[in-house]
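# An overview of the molecular structure
Residues per chain, in single letters:
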Amino acid sequence: MMMTIWVIALVVYLAFRLWYDGLRRPLTPDEISHFSKVFQESAENGLSTGEVATLRRFMEEDDGKEFIMVNLVKFNASPVTHPDTGQDIKASALLTEYTQPFMGKILRRAGHPVIAGQAVGGYLDAWNTPENPGWHMAGLVRYRSRRDVILLSFADAEFAKIHKYKIAAMKQTFAFPMQKRVALYASPRITVGLLLALGATLLQLALA
């Protein structure tokens, strides 16, 4: 019985890792060609020629691995007009109407916020950069793969229904993907493993 508990815990953990890590398959040439056409043909995305080129390069350089999106945000002055109701609403509250459903989609594909916070000052170190526009907040979001972020946003027809809230809430934004080299925090891989080990240990003690 005790061995069964640990075998089940191991199977659950392996299933979690398969879901969390994915198969790590880079985008195929057919997928890249298809998504590139979607970017070019969809006026809803409002992508410029430069942005389309950047997205194509982003796909062509895909290694199948996870990455973290770095986001800087400056809100429009509140109140802003709600795109649906026409009523006044705080910009940060309107952005929440975008982030909540979008985060739900991300979580289903093993993506999740890493950290988010409010800015408490301007640039303390800046070399040859444009003037600080006055960022209000920054956030890091983990994506399982480049395929996921394309499917979740640029190639998702439902995305346009909530993207308008983001546009109305933010005056400026700056986002770029990065792959971590050093991480001084416990990832879900470690956290879930420890929780399963703790659960199996407690169950074993209870049945002893």
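Residues numbered from 1 in each chain as written. Predicted model: local features only at pLDDT ≥ 70, side-chain atom pairs only at ≥ 80, totals over all residues. Heavy atoms only, no water.

## As for the packing of helix α4 (residues 91–108) against helix α6 (residues 159–169)
Rule in force here: Interaxial angles span 0 to 180 degrees and are taken between N-to-C directions of axes, which are lines fitted to C-alpha atoms, for helices over the stretch in contact. Counting from the N terminus, the helices are the DSSP runs of H or I reaching at least four residues and the strands are the DSSP runs of E reaching at least two. The cut-offs work like this: below 35 degrees is roughly parallel, past 145 is roughly antiparallel, 65 to 115 is roughly perpendicular, and the gaps in between are oblique. The handedness criterion is simple: a crossing whose near helix is rotated anticlockwise from the far helix by less than a right angle is left-handed, and one whose near helix is rotated clockwise is right-handed. Here a residue-residue contact requires only that any non-hydrogen atoms of the pair lie within 4.5 Å. Each residue is assigned to one class: nonpolar for Ala, Val, Leu, Ile, Met, Phe, Trp, Tyr, Cys and Pro, charged for Asp, Glu, Lys and Arg, and polar for all the others, Gly among them.
Between α4 and α6, the least distance of the axes is 8 Å, while the angle of their chain directions is 155 degrees. Regarding the angle of α4 to α6, the classification is roughly antiparallel. Like other packed secondary-structure pairs, α4 and α6 cross with a definite hand, here left-handed. Within the contact between the two elements, α4 uses A91, L94, L95, E97, Y98, P101 and F102 and α6 uses F159, I162, H163, Y165, K166, A168 and A169. Residues of the contact of α4 with α6, tallied by class, amount to eleven nonpolar, one polar and two charged.

## Side note on the sheet that holds strand β6 (residues 170–178)
Short version of the rule: In short, DSSP must find at least two bridges between two strands for them to pair.
Taken in spatial order, the four strands of this open sheet run β4-β5-β1-β6, and their pairing is antiparallel. The strands lining the two open edges of the sheet, one partner per strand, are β4 (112–118) and β6. Mean inter-strand twist for the sheet, computed between neighbouring axes without regard to direction, equals 15 degrees. Most of the contacts of α4 go to strand β5 (residues 137–143), to which it runs at about 10 degrees, and overall it touches β1 (67–75), β4, β5 and β6. Docked against the sheet, α6 engages β1 and β6, running at close to 115 degrees with respect to β6.

## Observations concerning the packing of aromatic side chains
Note on aromatic pairs: each is described by the distance of the centres and the angle between the planes. Where we set the bar: Two aromatic rings, drawn from Phe, Tyr or Trp (for Trp, its six-membered ring), form a pair once their centres lie within 6.5 Å of each other, and the interplanar angle then sorts them: stacked below 30 degrees, edge-to-face above 60, tilted otherwise. Only protein chains enter the accessibility calculation, which uses a 1.4 Å probe. A residue is then buried if its area is under 20% of the maximum for its type, exposed if over 50%, and partly exposed in between. Consider the ring centre and the ring normal. A charge sits over the ring if Lys NZ or Arg CZ is within 6 Å of that centre and within 35 degrees of that normal.
For the structure shown, the criterion picks out ten aromatic pairs. With 5.4 Å between their ring centres and 20 degrees between their planes, Y98 and F102 make a pair best called stacked. Of this pair, Y98 and F102 both sit in helix α4, separated by four residues, roughly a single helical turn. No difference in accessibility class separates Y98 from F102, as the two residues are buried. Geometrically, the ring pair formed by F174 and F176 is edge-to-face, given 6.0 Å between the ring centres and 65 degrees between the ring planes. On the accessibility criterion, F174 (44% relative accessible area) is partly exposed. What links up through ring pairs into an aromatic cluster is the set Y13, F16, W19 and Y20. It is R142 that lies over the ring of Y20; its NZ or CZ is 3.7 Å from the centre.

## Quick look at the confidence of the model for the protein chain
Counted only if it meets this: pLDDT is a per-residue confidence score from the predictor, ranging from 0 to 100.
Looking at the protein chain as a whole, its pLDDT mean stands at 92, while 98% of the residues score no less than 70. In the model of the protein chain, helix α2 (residues 29–41) stands out as the element of lowest mean pLDDT, 89, in contrast to strand β3 (residues 88–89), which has the highest, 97.

## Here we look at the pattern of salt bridges
Condition: One speaks of a salt bridge when a side-chain nitrogen belonging to Lys or Arg is within 4 Å of a carboxyl oxygen belonging to Asp or Glu.
Per the counting criterion, the structure on display carries 14 salt bridges. With its nearest N and O atoms 3.0 Å apart, the salt bridge here joins E60 to R56. Placement of both E60 and R56 in helix α3 (residues 49–60) is noted, with a separation of four residues, approximately one turn of the helix. Note on E60: relative accessible area 49%, which makes it partly exposed.

## Some points on the environment of A91
Counting through the fold element by element, A91 comes out in helix α4. In this structure A91 comes out as buried when scored by relative accessible area, which is 0%. For the pair A91 and V80, spaced eleven residues apart in the sequence, the C-alpha separation amounts to 5.9 Å. Look past the residues within four positions of A91 in its chain and what remains in contact with it is F75, N76, S78, V80 and A169.

## Quick look at the nonpolar core
In plain terms, the rule: Put simply, buried Ala, Val, Leu, Ile, Met, Phe, Trp, Tyr and Cys residues joined by side-chain atoms within 4.5 Å make one nonpolar core.
With 30 residues, the main nonpolar core has F39, M59, Y98, F102, Y143, V149 and I150 as its most contacted residues. At the level of elements, α2, α3, β1, α4, β5, α5 (146–154) and α6 are the ones that each hand at least two residues to this core. When residues in this core are grouped by element, the largest group, six residues, is from α4. When sequence neighbours within four positions are dropped, the list of residues in contact with F39 reads L47, V52, L55, M59, I150 and F154.

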